[in-house]
Amino acid sequence: MSEAAGLRAARIYVAGHRGMVGSAIVRRLEAVGCTNLILPAREALDLTEHDQVRGFFQKERPEYVFLAAARVGGIYANSHYPADFIHANLAIATNVIQCAHAAGTSRLLFLGSSCIYPRLAPQPMPEECLLTGPLEPTNEPYAIAKIAGIKLCESFNRQHGTDFRSVMPTNLYGPEDNFDLQTSHVLPAMLRKFHEAKQAGAGSVEVWGTGTPRREFLHVNDLAEACLFVMTLPRERYASATLPTRSHLNVGTGTDVSIGELAELVREVVGFKGEIRFNADYPDGAPRKLLDVARLTGLGWCASMALKQGVASTYAWYLRHRA
Ligand code: GDP
């Protein structure tokens, strides 16, 4: 049976299936004909509680696991709730990975983040610059939990012969994103700010920081496609494309924009006519976070959604569901 047919026939658990990333993975799995999805209600399973997770895995015995559950947030949330970010993400990673192994899961894909790399990593950032320098302080606790997730997968593979893989996506956006101005990432925050300023006839919109940091933005539907691509790579192909530890693969577009350029683009998509004001009292965070995606493109996958088109479709989603 081919890898894709194997996935279609398998019992698949998507952890975090109600979040932006997990729901995009579910849509993609359904689109390719996977019907055996295990999607427990949020109240039925708290992934930070080991006993609940063990009970769930022993009962359901999923063959494939997409580990997209995480406590996530933008620069403000990460700076203000560091204990929540490190604790919840460490607990989710240790519980799900250990219980998946104990229940005989054949393949697991752990989703991390580009903030695992050092603050001043070479740009674009290749997979091998992991653990080569100090992290960006505004999201260090979150990054440490995500690095621990990669190391859990690597260690289970080494000790137990499992096939647990990891992908590190760049900054994501798309349907089901968080549009809360305190806790969201920059792109949904800007869509909401420019939209509300347009509605109110305001003269300007405040953008945090200096506008000079550079970020790479990947549409979540592209990420979901990449996740299925990596999950269905034959074992030897994944091993030969990753570091000797079979560690992780970057997922991005290969291009970035400054926060100032992003603000111009969102203003245009929303149709706001006023000014953009940068407030340097807010932190900039890492100066640049562009992923080196050569390993993944070498395997044959690349992103297809252009940023402007993706921002426009996300704005349309916001207008339908959240505005
Ligand atoms: P980061 O990639 O971890 O730094 O997370 P964010 O998406 O929260 O922030 C990216 C950059 O956008 C930072 O330089 C922020 O200061 C800047 N930024 C500008 N305006 C906003 C905003 O309204 N919300 C957020 N979250 N970031 C903003």
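Summarised in this report is the structure supplied together with it. Every residue gets a number counted from 1 within its own chain, in the order that chain's sequence is written. Where totals are concerned, whole chains, interfaces and linings use all residues; where local detail is concerned, this predicted model gives features only for residues with pLDDT of at least 70, and gives and counts side-chain atom pairs only at 80 or more. To obtain the side-chain values, all non-hydrogen atoms of the structure were included, while hydrogens and water were left out.

Strand pairing is defined by DSSP finding a minimum of two bridges between the two strands. Helix and strand definitions follow DSSP, with helices as H or I runs of at least four residues and strands as E runs of at least two, each counted in order from the N terminus. Read across the sheet, three strands follow the order 11-8-13 without closing on themselves; strand pairing throughout is mixed. Only two strands of the sheet have a single neighbouring strand rather than two, namely strand 11 (257–258) and strand 13 (288–289). One ladder, built from two bridges, connects strand 8 (residues 214–215) with strand 13; its direction is parallel. Looking across to strand 13, one finds that arginine 215 is bridged to lysine 289.

We now examine the site of the ligand. For the ligand, the set of nearby residues contains 17 residues, the closest of which are Ile75, Lys193, Arg215, Pro283 and Asp284. Polar contact is the term for a pair of N or O atoms within 3.5 Å; when the atoms are in protein, one must be able to donate a hydrogen and the other to accept it, and sequence-neighboring residues count only if both atoms are side-chain atoms. One of the backbone nitrogen or oxygen atoms of serine 184 is found 3.0 Å away from a nitrogen atom of the ligand. Within the side chain of lysine 289, one N or O atom sits 3.1 Å away from an oxygen atom of the ligand. Accessible areas in this description were obtained via Shrake-Rupley with a 1.4 Å probe; residue shielding takes into account the shown protein chains only. Protein chains bury 97% of the 530 Å² of accessible surface belonging to the ligand in isolation. Going through the elements one at a time, helix 7 (186–200) and strand 7 (204–208) are the ones with two or more residues in the shell around the ligand. With three residues, helix 7 is the largest single contributor of residues to the shell around the ligand. In this classification, the charged set is Asp, Glu, Lys and Arg, the nonpolar set is Ala, Val, Leu, Ile, Met, Phe, Trp, Tyr, Cys and Pro, and all remaining amino acids, among them Gly, are polar. Its residues assigned to classes, the shell around the ligand shows eight nonpolar, five polar and four charged. Here a residue is near a molecule or strand as soon as one of its heavy atoms is found within 4 Å of it.

The two faces of strand 7 differ: Val205 and Val207 on one face are buried, but Ser204, Glu206 and Trp208 on the other face are not. Strand direction decides the pairing type here: strand 7 and strand 12 (residues 275–279), joined by five bridges, are parallel. Each residue of the ladder has a partner; that of tryptophan 208, found in strand 12, is asparagine 279. The classification of residues rests on relative accessible area computed with a 1.4 Å probe and restricted to protein chains. Under 20% of the type maximum is buried, over 50% is exposed, and intermediate values are partly exposed.

So, on to unusual backbone geometry. Comment: phi is negative for the bulk of residues other than glycine, and the bulk of peptide bonds are trans. The omega torsion across glutamine 123 and proline 124 is -10 degrees, close enough to zero to call that bond cis. Within the secondary structure, proline 124 is located in the loop between strand 4 (107–111) and helix 6 (140–160). Phi at leucine 131 is positive, roughly 60 degrees, even though this residue is not glycine. Along the chain, leucine 131 turns up in the loop between strand 4 and helix 6. A positive phi angle, close to 70 degrees, is found at glutamate 176, a residue other than glycine. By the element assignment, glutamate 176 lies in the loop between strand 6 (171–173) and helix 7. Judged by relative accessible area, which is 34%, glutamate 176 ranks as partly exposed.

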